[in-house]
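So you can see what is in the structure, the chains are spelled out below.
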Amino acid sequence: MNKNELKDDIKNAVEDIHDDFDIYRTRDYTDREASPEYAVMRIVLPQIFGIIIGCAIARMFNFAFIGYLITGIIFAFLVGVHKSTYNDKISLKYAVIKNIVLILIEFALVLLIAGIYGIIYIMG
């Protein structure tokens, strides 16, 4: 695999995430109106469940804080790949790339929120 193929795969994964968002946002639901928040939750919810499972396993084995982070990330990745391959019916290669991109986006958002909270905490 060369650099151009990897760039194309990452670009396709990002487009797939955007397409998933559009699909979930524009679906016609009879009992509720589709919203962007619902679409984001449908995309991110498997990773959240994976983090919870990973933290539960870290708790079971009495890991330290870094153990919680590592097992949370690993299980978020695994649950996301499982959802992508079995529910979304995409190939394993694209499921792995898509979930790596999702985890990086989620990690960036967590760092952003933590940074904002830190600034507010210092100033207040």
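Our subject is the structure listed above.
The text that follows walks through the structure, step by step, so that each part is easy to find. This structure is a prediction, so every number in the text was calculated from the model and none was measured.

Its 32 residues place the ends of helix α4 (residues 92–123) 46 Å apart at the C-alpha level, agreeing with the 46 Å of an ideal helix rising 1.5 Å per residue. Three or more residues of α4 are buried, namely A95, I97, K98, N99, V101, L102, I103 and E106. Those residues of α4 that are buried lie in contact with α1 (3–26), α2 (36–60) and α3 (65–86).

It is worth spelling out the side chain of D9 at this point. Mapped onto the secondary structure, D9 falls in helix α1. Separated by 3.2 Å, the side chains of D9 and K93 make a polar contact. A polar contact is formed between the side chain of D9 and the side chain of Y94, at a distance of 3.5 Å.

Time to look at α2. A rise of 1.5 Å per residue sets the reference length of α2, with its 25 residues, at 36 Å; its end C-alpha atoms lie 36 Å apart and thus fit the reference within 8%. Among the residues making up α2, those that are buried are A39, I43, V44, P46, Q47, G50, G54 and A58. In the core, the buried residues of α2 are packed alongside α1, α3 and α4.

Right, let's get into the environment of N99. For N99, the position within the fold is in helix α4. Here N99 falls in the buried class, since its relative accessible area comes to 0%. Each C-alpha atom, one on N99 and one on L78, is 8.6 Å from the other, the two residues being 21 residues apart in sequence. When near neighbours in sequence (up to four residues on either side) are disregarded, N99 contacts Q47, F77, G80, V81 and S84.

Enumeration over the complete set of coordinates arrives at two aromatic pairs. Seen from their ring centres, F61 and F63 are 5.9 Å apart, and the 25° between their planes marks the pair as stacked. With relative accessibility at 38%, the residue F63 sits in the partly exposed group. Between the aromatic rings of Y117 and Y121, the centroid separation amounts to 6.2 Å while the plane-to-plane angle is 25°, which identifies the pairing as stacked. Placement of both Y117 and Y121 in helix α4 is noted, with a separation of four residues, approximately one turn of the helix. Its relative accessible area of 58% is what places Y117 among the exposed residues.

What counts, and at which threshold
- Residues numbered from 1 in each chain as written.
- Predicted model: local features only at pLDDT ≥ 70, side-chain atom pairs only at ≥ 80, totals over all residues.
- Heavy atoms only, no water.
- Helix = DSSP H or I, 4+ residues; strand = E, 2+ residues; numbered from the N terminus.
- Expected span 1.5 Å × (residues − 1).
- Buried < 20%, exposed > 50% of the residue type's maximum accessible area, 1.4 Å probe, protein only.
- Contact = heavy atoms within 4.5 Å.
- Polar contact = N/O pair within 3.5 Å; in protein donor to acceptor, adjacent residues only side chain to side chain.
- Phe/Tyr/Trp six-rings, centres within 6.5 Å; stacked < 30°, edge-to-face > 60°.

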